[in-house]
Each structure stands twice: as C-alpha cells, then as structure tokens.
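An overview of the molecular structure
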Amino acid sequence: MAEPPRLIIDFRHLDFGENQPAAIDGSGLVPGLRWGRFRAGWSRMVIELAGPYAMRRSIQTPEGAQGSVISMRIEPVKDKDFEVQQDALLAMWDLPPSTVPAAKPRSVAGSAERPLRVAVDPGHGGIDPGAQVGAISEAAVMLGFVHELSGVLRAAGYEVITTRDDDSFVPLERRMTIARAQGADIFLSFHADALPEGQAAGATIYVWNSEANDRASLELATRHDRDDILSGVDLSGTDDEVAEVLMDLARLETHPRSQNFAGMLASELSRSGFDMHRRPVRGAAFSVLKSPDIPSVLIELGFLTDPSDRANLFDPEWRANMARSITKSIGVWTQDEAARAELLRK
C-alpha cells in the first residue's frame, strides 16, 4: 500500500499475545511496525517502509505440529515500479457495509415511538491501541469506560449503540456507518490522548471544524487519521466533490445541534466539579465527526500524559460521576431539542 508505503499482512486465527513488535529481529530497520487484532478471527501486521519496495518472495512452510514459518523477501524499487495493491476485494475489506436510511431523530428520549438512541464509540482498538503510557493503552481504557457508561445510559431509558464491544479495529468511516445504520440520534466518541506534558490536561469536547488550526487540535486530528490509514486501507482518495457539498449543506442543520450539546455537556461537567481544559469546547477535523446527519461530538475525557488525568481515568468514583454527568446532559439536550421543535411547529 502507498501513502505511506507499507506492507500489510493479514492472519486468520493468529494471536500475537503479549509479544511486542520490537521483539522481531530487524524491526529497527523499518520506520514503524505494529500488530494486533483486526476483527473477529483476524489479526493484522503493518510494516511501514522507508520507500517503495517490491515483494520478491513469499513462502509459508510447516514447522512441526505447532505451526509454520512465513518467509518474505522485499527489495527497494523505483517509484514507477512500486506495484500498489489495487485488488477490489482488498479495498472492499475495509469499506463500510451498506447503510439503511437513517431514522429521523426523536426529540424526546423515551417517546412513544422509541427511546433516544445514543451511539457510543470507544476510540481506537485492536491493531490501533491509541495513546500509550507504559502498559496503559487508550483503547483499553476507553472500552472500559464506554462499557460502564452504556450501563448508566440503559438504566436511564436510552437505547445504546456501540461501535465496538471488544479489542477490535474498527475504521473511522465504519464507526459512523454503524451509528447511521442503526438510526442513532446522537454520536459520542471517547478518547484519552497523549500530548507533550503541560500542553493539555482536563476534559475537552470537540465538534467538527474542518478549518480548525490550533496546534493541539491539528496534532490530534492528524494522528487519528494517520493511525486509521496505517491500520487499514486508505480510501481517502475516493471522496466525491458533489457528495462533500451535499454533506456540508446537511451540516447546516446538524452542526448547531452538535454545538448545543457540546455546550450543555461542558456546563454540566464544570458544574459537577470536573477539571476542564481552559477552552472546554473546541473545533477539530476529526474524521469520526464527519457525519452530516447525526449530531456528533468527540470527548477527550483527559490526557494519559497528564498524571492527574491519568489518575482520574482509573478512579471508579470519577468514572461513575462522569457517566452520570454525560447521561444527565443528554437528557437536558433532548428536552431542549423538543422545545425547539415545538417552537418551529408553531
């Protein structure tokens, strides 16, 4: 694959266990090496390459009863000789599944038609662990928190849609597709990133802004997209300009609703005594917020690189209070949505 050049190897029923990529002989000869669970029954290894290479040999030979040895030889080539995989089946491997028409957002949770549907997205997963501090991975921490939050949301009467329920890799585009296909009324993506010490601390709420240019937002958005491209198949070149224009038009109605929820959540968290970033609501071009028809926010619960934030993320009482505050904010938001809808009808 190209942009960046990399070699992707998919394995069926292979568990890398606790082994680390750096343990492989020769791992220091490539710019980057990662592996992990990709989806149920499959694992993926991604080897970043220093430039264009060609596969000269690929052999799998049995070695006793326990398994086999895979041997590959790659050699550097000129750009014109770099044969990027264009196989349609490989591209389809990462395409979001077909969608069904999105259900109309309900104004009030627990209406006669159905409860409000909340899509919750634990960031990263599988081959993409997200931010790491020692043995702590962002993907694992967010999966645990979203599991706890889902219980609180269901107890409050909401339907919950989760983009992943285990340590699997889910491409950014598919996360939105999952929410849309199940008729989500609001989409919440959860993260706990890493930035240089002192650069970021406290909870932060992001809404879509393709023109955001502050350093931290750019760095985080770029890292998320790069991790997704490295771990999966890059389909970024398939954007349709007409579709982009239509999406922007759709956001004229959806984006204010996202901003409204972000403001309400920031107020509730501040009122509940949570440490907040000095600018608690910010804009950023996170791909996971692109959905034009579902109000969406990305919530940085804290930063793993900040000792205080890290301690909070592992404090059961802090997590329980955060889950309750988020749930309360959704309730206030749905009531406000209902009031706005009523005014429009009049």
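Residues numbered from 1 in each chain as written. Predicted model: local features only at pLDDT ≥ 70, side-chain atom pairs only at ≥ 80, totals over all residues. Heavy atoms only, no water.

**Let's talk about the pairing of strand β5 (residues 67–76)**
Pairing geometry for strand β4 (residues 53–63) and β5, over 10 bridges, is antiparallel. By the bridge assignment for β5, Tyr 53 is matched with Pro 76. Connecting β4 to the antiparallel partner β5 that follows it, the hairpin turn spans three residues, and Gly 64 within it adopts a positive phi of roughly 70°. (Pairing = 2+ DSSP bridges. Helix = DSSP H or I, 4+ residues; strand = E, 2+ residues; numbered from the N terminus.)

**Here's the deal with the sheet that holds strand β1 (residues 6–12)**
Taken in spatial order, the three strands make up an open sheet running β1-β3-β2, and their pairing is antiparallel. Where the open sheet ends on each side, the last strands, each with one partner, are β1 and β2 (32–39). Put simply, the sheet's adjacent strands are angled 20° from each other on average, direction ignored. Pairing of β2 with strand β3 (residues 42–48), which is carried by seven bridges, proceeds in the antiparallel orientation. (Axes fitted to C-alpha atoms, helices over the stretch in contact; angles between N-to-C directions.)

**Quick look at the packing of helix α2 (residues 138–155) against helix α7 (residues 316–345)**
The packing of two helices is summarised by the inter-axis angle and the distance between the axes. Where α2 meets α7, the axes come as close as 9 Å, and the angle between the chain directions of the two elements is 50°. Our classification of the angle between α2 and α7 gives oblique. The chirality of how α2 crosses α7 is right-handed. Contacts from Phe 145, Glu 148, Leu 149, Val 152 and Leu 153 of α2 reach α7 at Arg 319, Met 322, Ala 323, Arg 324, Ile 326, Thr 327 and Ile 330. Here the contact of α2 with α7 is composed, by residue class, of eight nonpolar, one polar and three charged. (Parallel < 35°, antiparallel > 145°, perpendicular 65-115°, else oblique. Left-handed = near helix turned anticlockwise from the far one by under 90°. Contact = heavy atoms within 4.5 Å. Nonpolar A, V, L, I, M, F, W, Y, C, P; charged D, E, K, R; others polar.)

**Focus on the nonpolar core**
Core analysis: the largest hydrophobic core is formed by 39 residues, its most contacted members being Val 118, Leu 188, Phe 190, Leu 301, Ile 326 and Ile 330. The set of elements that each furnish at least two residues to this core consists of β6 (117–122), α2, β10 (186–191), β11 (203–208), α5 (241–271), β13 (296–300) and α7. Excluding its chain neighbours within four sequence positions, the residues that come into contact with Ile 330 are Leu 116, Val 118, Leu 153, Tyr 158, Leu 188 and Phe 261. Counting 21 residues, the second-largest nonpolar core is a separate cluster that includes Ile 161, Val 170, Leu 195 and Ala 216. (Core = buried A, V, L, I, M, F, W, Y, C linked by side-chain atoms within 4.5 Å. Buried < 20%, exposed > 50% of the residue type's maximum accessible area, 1.4 Å probe, protein only.)

**With respect to a nonpolar patch on the surface**
A cluster of nonpolar side chains, contributed by Met 55, Ile 70, Met 72 and Ile 74, occupies part of the molecular surface with about 290 Å² of accessible area. By residue number, the principal contributor to the nonpolar patch is β5, which donates three residues. Here Met 72 is to be found in strand β5. (Patch = residues over 30% accessible without salt bridge, like charges linked within 9 Å, V, L, I, M, F, W, Y side chains within 5 Å. Areas by Shrake-Rupley, 256 points an atom, 1.4 Å probe, with all protein chains shown as cover. Salt bridge = Lys/Arg side-chain N within 4 Å of Asp/Glu carboxyl O.)

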